[in-house]
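Letter by letter, the chains look like this.
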Amino acid sequence: MFTLEELRTKAPSVFRTAEEGPCSKASEKYQFIPTLDVIDDLSKFGWNVYDVAQQNSKKNPDTTRHVVRFRHDSYKASYSQNIPEIVFMNSHDRTKSMQFHIGVFRMVCANGLIVCDKSFGELNLRHMGYSFDTIRGMINELTSKLPKIFDTIKKFESTDMDKETQREFAMKAFAVRYPKFIRDNGTLNKEDILSSVDVDSLLVATRPDDAPNNLWTTYNRVQEKIIKGDFKHIGDDNKVRQAREIKNLGLGLKINENLWEVAEEFLN
């Protein structure tokens, strides 16, 4: 856990107050909703801040897009290895509506996943209105989905994958990060993927807990490498490049969501 001052240093935009208001370019219709108000409201339901981050911005560090991750103490015993989180994204520069996502923090690798399920997806709230009752409804909807999410994780764990199926998963995951390898008809350009990256390197387990060849461990191995940039590939200049870590908050969330969808495609 971080202290309040450590959190403020990591993401000053989280602590933008009502008196300071949004960025100067916001319209009169834009209702400034301090992230601190959301933090306070979620705490009334037992969801407390675990970590924060914000988009790198030299021009608007105090109003830029930011993410707050919340955890609930009551879930620690039930979900000791895969901890459910509420992931909240906001900005004070009119670039993004407020978003609530369900996250899963996997303790064994200290890695966070963002869940995407077509039955609920993300919940958005525009900067045009806000109330405690609205937050109550969103929290109830999110938490009601937790049993289904962890049932899906159990299905991931019970789905064995042979080497070729794992390689297929890794290629689809690679194309999530690099959509240029997806043809107009939605199919993968596997030949170009295989010439651009060592697919097997995306599947290497870095810890014993990730060694089993089921869908859950395969998904986690590949997701970690895709997000953290732990692989080399052929760049547009035809030279071998070390992939970069995904640091753009919006892009990271989107890739995470799409990887979850890819994993669901491989369920038995």
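Sequence positions are assigned chain by chain, starting from 1 and proceeding in written order. Selection of residues for local features in this predicted model requires a pLDDT of at least 70, selection of side-chain atom pairs for listing and counting requires 80 or more, and totals for whole chains, interfaces and linings are taken over all residues. The basis for the side-chain values is all heavy atoms of the structure; hydrogens and waters are excluded.

J.: How do you make sense of the overall build of the protein chain when you look at a structure like this?
T.: Think of it this way: any DSSP run of H or I at least four residues long counts as a helix, any run of E at least two long counts as a strand, and we number them from the N terminus. Helix and strand counts for the protein chain stand at eight helices and eight strands. Whether a residue is buried, partly exposed or exposed follows from its accessible area with a 1.4 Å probe, protein chains only, as a fraction of its type maximum: under 20%, in between, or over 50%, in that order. Relative to its 268 residues, the protein chain shows a buried fraction of 50%. Residues are treated as being in contact if the distance between any of their heavy atoms lies within 4.5 Å. Sequence-distant contacts, at least 24 apart, represent 64% of the contacts inside the protein chain between residues at least 6 apart. Accessible areas in this description were obtained via Shrake-Rupley with a 1.4 Å probe; residue shielding takes into account the shown protein chains only. Put simply, the protein chain shows about 13,600 Å² of open surface, and 48% of that area lies on carbon and sulfur atoms.

J.: Looking at this model, I keep getting lost on the packing of aromatic side chains. Mind explaining?
T.: The way to describe two aromatic rings as a pair is by their centre distance and the angle between their planes. In this analysis, rings of Phe, Tyr and Trp, with Trp reduced to its six-membered ring, are considered paired at centre separations within 6.5 Å, and the interplanar angle assigns stacked below 30 degrees, edge-to-face beyond 60, and tilted for intermediate values. A complete count under the given rule lists 15 aromatic pairs for this structure. Taking the centre distance of 6.0 Å and the plane angle of 75° together, the rings of phenylalanine 156 and tyrosine 219 count as edge-to-face. Of the two residues, phenylalanine 156 is situated in helix H4 (residues 146-157) and tyrosine 219 in helix H7 (residues 215-228); the sequence distance between them amounts to 63 residues. Both residues of the pair, phenylalanine 156 and tyrosine 219, count as buried. Seen from their ring centres, tyrosine 219 and tryptophan 260 are 6.0 Å apart, and the 75° between their planes marks the pair as edge-to-face.

J.: It is not clear to me how the pattern of salt bridges should be interpreted in this structure. Could you clarify?
T.: Should their charged atoms come close, side chains of opposite charge can pair. Each salt bridge in this description consists of a side-chain nitrogen of Lys or Arg and a carboxyl oxygen of Asp or Glu lying within 4 Å of one another. On inspection of all chains with the given rule, the structure shows 18 salt bridges. For glutamate 265, the salt bridge identified is with lysine 172, shortest N-O distance 2.9 Å. With a gap of 93 residues between them, glutamate 265 in helix H8 (residues 249-265) and lysine 172 in helix H5 (residues 163-177) connect regions that are remote in the sequence. Judged by its relative accessible area of 26%, lysine 172 falls in the partly exposed class. In this structure, aspartate 236 and lysine 180 form a salt bridge, with 2.5 Å as the shortest nitrogen-oxygen distance.

J.: Please clarify how the side chain of arginine 221 should be interpreted in this entry.
T.: Mapped onto the fold, arginine 221 is located in helix H7. We score Asp and Glu as negative and Lys and Arg as positive, and we do not count His or the chain ends. Within the buried core, arginine 221 has no salt-bridge partner, and the shortest N-O distance to an opposite charge, that of aspartate 210, equals 6.3 Å. Whenever two N or O atoms come within 3.5 Å, that pair is a polar contact, provided that in protein one can donate a hydrogen and the other can accept it, and provided that, for residues adjacent in sequence, both atoms are side-chain atoms. A polar side-chain atom of arginine 221 sits 2.5 Å from the main-chain carbonyl oxygen of aspartate 210. For arginine 221, the residues in contact, after removing those within four places along its chain, are Gln166, Leu202, Leu203, Val204, Ala205, Asp210, Ala211, Pro212 and Asn213.

J.: Just checking my understanding: could you explain H5 for this structure?
T.: Turn by turn, an α-helix covers 3.6 residues, leaving residues three or four places apart pointing in a common direction. With 15 residues, H5 should cover 21 Å at 1.5 Å per step; its first-to-last C-alpha distance of 22 Å lies within 8% of that length. The elements touched by buried residues of H5 are helix H6 (190-196), H7, strand E7 (232-234) and H8. Helices are assigned an expected span. That span is 1.5 Å times one less than the residue count.

J.: Hey, could you run me through the confidence of the model for the protein chain in this one?
T.: As a note on interpretation, predicted positions should not be read in detail where pLDDT is low. Residues with a pLDDT of 70 or more make up 87% of the protein chain, whose mean pLDDT is 86. For every residue, the predictor states its confidence as a pLDDT score lying anywhere from 0 to 100. Taking the mean pLDDT of every element in the protein chain, the minimum, 57, falls on strand E6 (residues 123-125) and the maximum, 98, on H5.

J.: For this particular structure, what's the right way to read helix H3 (residues 132-144)?
T.: Compared with the 18 Å implied by 1.5 Å per residue over 13 residues, the 18 Å span of H3 between its first and last C-alpha is a close match. Within the span of H3, buried status applies to Ile135, Met138, Ile139 and Leu142. Buried residues in H3, looked at end-on, bunch into an arc of 100°, giving them a common side. Arc definition: it is the arc formed by the directions from the helix axis to the C-beta atoms.

J.: What's the story with the pairing of strand E4 (residues 98-106) in this structure? I'm lost.
T.: In the case of a regular strand, side chains alternate between the two sheet surfaces. Extensive coverage of E4 is indicated by the burial of nine of its nine residues. Both strand E3 (residues 82-90) and E4 contribute to a ladder of eight bridges, which runs antiparallel. In the strand pairing of E4, valine 87 is matched with histidine 101. Here, strands pair whenever DSSP counts at least two bridges between them.

J.: Looking at this structure, how should I read the nonpolar core?
T.: Generally speaking, a soluble globular protein has its nonpolar side chains buried in company with each other. Residues belong to a common nonpolar core when they are buried Ala, Val, Leu, Ile, Met, Phe, Trp, Tyr or Cys residues joined through side-chain atoms within 4.5 Å. Counting 63 residues, the largest nonpolar core has Leu42, Phe70, Phe100, Ile149, Phe169, Ile193 and Tyr219 as the members making the most contacts within it. At seven residues, the largest contribution of residues to this core is made by H5. Setting aside residues no more than four positions away along its own chain, tyrosine 219 makes contact with Leu113, Phe156, Phe169, Asn256, Leu259, Trp260 and Ala263. If you look at the next biggest cluster of nonpolar residues, it comprises six residues, including Val67, Val87, Ile114 and Leu249.

J.: Mind showing me how you'd approach the environment of arginine 221 here?
T.: Using a relative accessible area of 3% as the deciding quantity, one classes arginine 221 as buried. When the C-alpha positions of arginine 221 and alanine 205 are compared, they lie 6.2 Å apart, and in sequence the two are 16 residues distant. Of the polar contacts made by the side chain of arginine 221, one reaches the side chain of glutamine 166; its length is 2.7 Å.

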